[in-house]
Structure formats: C-alpha cells, structure tokens
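Working through the structure, step by step
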Amino acid sequence: MKALLYIATFLLWIQHSDAATIDVCADCETNSIREGVVLAKAGDTVLVRAGIYYVSEIVIDKSISLIGIDQPVLDGQNLQKNILEVRAQDVLISGFLLQNVGLSYTKEIAGIHISHSKNFRMTHNTFQNVFYAFILQRAQYGLLKNNVIRGQSVDETKSGNGFHLWKCTDIRIESNTIEGMRDGIYLEFVKNSHISNNRSRKNIRYGLHFMFSDHNEYHHNEFRENGAGVAVMFSKFIQMHHNDFQYNWGTASYGLLLKEINDSEIMNNNFEQNTIGINIDGCNRINYRGNQFVRNGWAIRFTGGCYTNIFEYNNFRHNTFDLSYNSRLNDNKFEANYWSEYTGYDLDRDGIGDVAFRPVKLFSFVVNKTPETIILMRSLFVDLINFSEKVSPIFTPDALKDIRPLMKPIVW
Amino acid sequence: MLKILKYSFFDLMRSRWSYIYFIFYLLMGFVLLFLNNDVDKAVITLLNIIIILTPLIGTVFGIMYYYTSKEFTELLLSQPLKRSTIFIGQYLGVAISLSLSLIIGLGIPFLIYGIARSSSIFNFTSLLIVGGFLTFIFVALSYNIALAFNDKIKGFGFAILLWLFMAVIYDGILMIVMMSFQEYPLDKFALGAVMFNPIDLSRILILLKLDISALLGYTGAVFQKFFGTGRGMLVSLSMLTLWVLLPLWNLTRIANKKDF
C-alpha cells in the first residue's frame, strides 16, 4: 500500500516537473497568444500579461491552461469569427476580457467556443460586445464560473445568448453575471447539470431558457427584469429551488414559464412583481412547496391540461390574481398555503382556517374570457360578483379549494 | 366670494358632522394600521374604501348643505351679489372642509406610523389627491342636482342614485357590454368608457400604482401605451380636472337662470 503511494507521488511529480510556463506579452520572447499556444505542450501554462491582443480563431487543441494576468483584452475586431476555440480535454481559460466578436446572421460565433471537450474550466472572464459569449456543444464535465457577460441587445434576431449549451452533460454554471443578451443561459439537450448563484438580468428574451433538458438542477439564481422571464420547456426531473424571479413585466412576461414539464420540484423560490408568476402549461406531477408569491399580476396561471400538481406551504401575498384557471376540471391539489386574501376564521386556534379558501375568483374567469375587462379591477361591482361567486360557485371549479388555508404566512 | 367661502367653511367646521367625518377617517387610519402594521397593505385597503366612500359622503354632504342653508342662500340672493359668487363660494366651502377632514384625518395616523419614511409615500399622496378630486367632483354634482330639484326628497334620491350608478351600476353595465361584444376590439372602448366615470378614473389612477404588473399583462397596444407610459397618469388627471370644471360651469349656468 505504501509502495503504491510512493509510486503515485512519483508519477505526480514527473507530470508536474514536465509542466512549463510560457509568458506572453508585448515585449516577451513570445509576443502573440497564438504562438504561445502552439509552443505549449499538454499540461503547460500560458500566462498572458496585460495588453490588447487582436486575435481570432485561436484553436486550443491540447490540455493547457490559458491564464490572463491583469485582465488582458482579446479583441476579435468584429471579424465574425470565434475568438477562442477549445477542442481538447482539461483546458483552463481564466482572467480575460473578450470583446468585439461581430454579428452574424448565419453562423453562431462566440467569445469562447467549446466543442467535444471534457473537464474544462472557464473562470473569471469578462465579455462585452460579443454575439454569443460561450457556445458549448457536446461538452462534458465543465465548470463555468465567475464570468461576467454584458451585452447591449435590442433585437432578438441580432443578438446571441450568454451561455449557449447544446448536447452537453454534467456542466456546472456558477456565480456568473449575465446582462443584456438575448437569452442569459440557453440549454438544449443538456443533462445532469447544475446552474447556481447566477445573476441573469435585463436580457431581452429569457433569463434562462431550457429545452429538452432532463435531470438538471438550478438554484440560488436571480432572474430580474428579463423580457420574458425564465422558460423551462419539454423537460423532466428538474429541480428548481431558492431562485429569485423579480420584475419580469410585459405582455408575454413570466417569472417562470413551464411547458410540458413533468416530475419536477419547485421549492423555496421567490416570485415578486412579475406579470405572471408561474405560467403552467401541460405540466404533470410537479411539487410546488415553500414558494413566495408577492405582488404578482397573476401568481399562478394554468393554461393547459395539468394533472397531479401539488401546491403546499406556499405564501400568496397581495397578488392581483392568486390563480387563474381555464377549465372546470381540477386534478391539482392546493393545501395548507397562506393566502393574504383569505378572510376566514380559526376558532380552534390551530393556525389553520376553519373554512376552505377558493383561490379562483369569478373576475379572473371573466378576464380570461374578455381581457379588456381588466380595466374594471378593484371596482365595487367586481367585489360584489366575486363575493357572490364565493358563496355559491357556478363558473369556477367547485373542487378547486384549499381546505386547510394557513392563518399566518410561513416564515423561513 | 371669499367671504361666502369663509362663512360656509367655518359654518361647516363648527358643525358636528365635519368632526364625525374627521374622526371616522382618523379611527379608520389607526385601526387599519394597527391591524396590518404594513403601511403598503393599509394603503391598498384604504383605496377600496376611499373610492366608494368619498363620493358618497361628498354627495350627501353637498345636498344636505344646500337644502339646510337654502333660506340663508335666499337671503344672500337679495343682496347685491353675483349669483355665481354665492354658489361657488358655498361649494368651495363644503368641498374644502370635506377634503381637509379627509387629508388630516388620514394624514395623522399614517404620519405617526412612519409613512414619510416608507416607500409607499407616493401611493399614499396619490390616494389623498384622488380622494380630494372625488370630493370636489361629487359635491359639484350634488349641487347641480340640488339646484335642479326644489323638492328635498327628490333631490336626495337622485343624488344617491347618481352615486350608486357611478360606483356600481356603471361598471356592471360596462362589464356586460364588454362580455357580449368580446369578439370585437374593445380596448379603445374600454378606456373611453372609463373616462366618463370619475370613480373609475380615480380607480385607474391608483391601479397604475398598485397593479401595474397585472395591467401590463394585457396585450392590446392601446392599453400598453396608456398604462406603460406616463400618458395614462396624465390623461386621467386631466380628465378628473375636467370632471370638476364641467359641473361647476353648469352650476353657474343653472344658478344664473333659476327662478328662486
């Protein structure tokens, strides 16, 4: 056993002793990054000193570390080419400012383009004026951390995504800041990935966009003021928890848009002041637990056949509409939530209201049919018809009620 | 006119009802804040009350004041005074004293609970502005009605009916019309219809503050422009001003012609 340890240490030492460091700067021996990369062997480190480097299509086809010191600038001069292309395993790229990739209507070009790569780390890079910041295709086991991406997108057709992942597995996207892109983070056919602690703001389409990506987890992210919030579509086994969805305003704007999502958990998220907190379309077997819905236009809106969803221990506070429902049939369970609109009593003082709460108001039914009637919101007449509907439900689904509404909001 | 205004104002200030009205708002403010402890939520609750109550109180007060001070008015009419001066003076006396009761009555509890330091100070001030507008509008309307009917009971009935119509029936009719014509583009109609009802107008003003996230959910471009920009605020405020001025103009017109 001990011998084995010695051998291992020895092997490590050999590997270590092999690794060389190549310095790149304006007046070094090696003065271009391309040259530095060509000179480097697998396991070497290329240190790039501060300065502006006009580069494009640098292909990294061996396992090296490319490290920027004092944030050197890699300028793509708007040539419509990728700046860095990663084609090897075990690559680290860190500490650069990448800019001016250019705009293309036919190609997907990025600051860092990663293809068929494994075990890579991309950290502490800053992107500005890039079409896409990262494109990853068929990549595995990667870490994308502490990157800052800033765009000035105005038009969906003329802009790209912050992180664009296609057919990847086991990727971690952590602690990045993404602003002003088309989609902050876009995942398509991505599996077993974790997205956490990111801040995705002011993107013109979605803060996070998810397609055909099963078994992923995203948590502790902040999605704010995005054009259309966050969209999760056609995926299974998704874990979403401790995220913030705030200030996503507009006609097609959702805190969270769920379409054809099955068997997922949505827990402890905070939905604040969105036009629609969660829009649920054709989603089954999802548990919603411990979420906060504060001052949204619609806290939850069902738009398609949704079955066996369970809503427990959520707080619904001061939403214009807590729930909007488009059919008479209900197979979803609402139990033990706190509703700020609840006016019932609790005679036995066990913290649970003695009369059931009906979250669907007649007025929300009317607004569903005739959207213009929204102008009558908070009118005395509307209060009257809501009250009469509450007493004897005719238009709203009879079974849709919370039989154990909480008297006090849940505090964590 | 100032003299008459002053007389009416102090006459009302001495009357019991102004105090009751003032104390009512004072108590309501305290109770709301005591129960909620959340200034923001208290403002929302208050909105529902103010939009219904200030028009009602304005109507009832206006009409009562006219009929009870009728003899004094007739005495004034025999003096060398312009008729418009007399009536506008009286009108302003009633409207200002009512608005003061509202603003001071609600202002005190909210100030004590720290509205000045909270973020809802703007919501609260717009609430008071709306309350003031509604008082001025409905006192003017009730004066119009009172001048049109010599019979006290008839005038009273009509005034209450007017309030009921504006507060409840109008919205009901609007909703039925919109639902039966839902195949047609209705956004212009909806906005236009709202302009003809001061209670709806002030409701919209407050909605712009409180429920903007829901209002922006509707897809019509007209709504978008109206709610999404400062235009909605501007249009509704100027419409409210018109709602004060038009009844006043009509008031002087009737007053000048009426045979007492």
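Residues numbered from 1 in each chain as written. Chains lettered and ligands numbered in written order. Predicted model: local features only at pLDDT ≥ 70, side-chain atom pairs only at ≥ 80, totals over all residues. Heavy atoms only, no water.

1. Brief notes about helix α3 (residues 362-369) of chain A
- Every buried residue of α3 of chain A is listed here: L362, F363, S364, V366 and V367 of chain A.
- Packing partners of the buried residues in α3 of chain A comprise β33 (298-302), β36 (321-324) and α4 (380-391) of chain A together with α7 (152-180) of chain B. (Buried < 20%, exposed > 50% of the residue type's maximum accessible area, 1.4 Å probe, protein only. Helix = DSSP H or I, 4+ residues; strand = E, 2+ residues; numbered from the N terminus. Contact = heavy atoms within 4.5 Å.)

2. Re the pairing of strand β16 (residues 163-166) of chain A
All names here are of chain A.
- Bridge analysis of strand β13 (residues 132-137) against β16 gives 4 bridges, and the strand direction is parallel. Counterpart to F134 in the pairing with β16 is F163.
- When β16 meets strand β19 (residues 185-188), the two strands line up parallel, connected through 4 bridges. If you follow W166 over to β19, its bridge partner there is E188. (Pairing = 2+ DSSP bridges.)

3. A closer look at the environment of L248 of chain B
- If you trace the backbone, L248 of chain B turns up in helix α12 (residues 231-257).
- Those residues in contact with L248 of chain B that lie beyond four places of it in its chain are I88 and Y91 of chain B.

4. Some details on the pattern of salt bridges
Residues and elements named next belong to chain A.
- Under the defined criterion, the tally for this structure stands at 15 salt bridges over all chains.
- When the shortest N-O distance is used, the salt bridge between K259 and D281 registers 3.3 Å. With a gap of 22 residues between them, K259 in strand β28 (residues 254-267) and D281 in strand β30 (residues 276-281) connect regions that are remote in the sequence.
- Here E312 ties to R289 by a salt bridge, and the two come within 3.1 Å at their closest N and O atoms. One end of the pair, E312, is in strand β34 (residues 310-312); the other, R289, is in strand β31 (residues 284-289), with 23 residues separating them in the sequence.
- Overall, the relative accessible area of 34% leaves R289 in the partly exposed class. (Salt bridge = Lys/Arg side-chain N within 4 Å of Asp/Glu carboxyl O.)

5. Observations regarding the packing of helix α9 (residues 198-210) of chain B against α12 of chain B
Residues and elements named next belong to chain B.
- Look at α9 against α12: their axes get within 10 Å of each other, and the N-to-C directions meet at 155°. With respect to α12, the element α9 is oriented roughly antiparallel. For α9 against α12, the interelement crossing comes out left-handed. Side by side, α9 and α12 meet where P198, L201, L205, L208 and K209 of the first sit next to G232, M233, S236, L237, M239, L240 and W243 of the second.
- Here the contact of α9 with α12 is built from residues that sort into 9 nonpolar, 2 polar and 1 charged. (Axes fitted to C-alpha atoms, helices over the stretch in contact; angles between N-to-C directions. Parallel < 35°, antiparallel > 145°, perpendicular 65-115°, else oblique. Left-handed = near helix turned anticlockwise from the far one by under 90°. Nonpolar A, V, L, I, M, F, W, Y, C, P; charged D, E, K, R; others polar.)

6. Structural notes on the domain arrangement of chain A
All names here are of chain A.
- Parsing chain A into structural domains produces domain 1 (19-185 + 196-210 + 218-227) and domain 2 (234-360 + 397-412).
- Relative to domain 2, the C-alpha centre of domain 1 lies at a distance of 38 Å.
- Counting residues at the interface gives 12 residues for domain 1, matched by 17 residues for domain 2.
- Between domain 1 and domain 2 we count 16 residue pairs in polar contact (both at pLDDT 80 or more) in total.
- Mapped onto the side of domain 1 that touches domain 2, the elements with two or more residues apiece are β23 (217-219) and β24 (222-224).
- When residues of the side of domain 1 that touches domain 2 are assigned to their parent elements, the largest contribution, 3 residues, is made by β24.
- Here the residues of the side of domain 1 that touches domain 2 are counted per class, giving 4 nonpolar, 5 polar and 3 charged. (Domains from an automatic or database assignment. Polar contact = N/O pair within 3.5 Å; in protein donor to acceptor, adjacent residues only side chain to side chain.)

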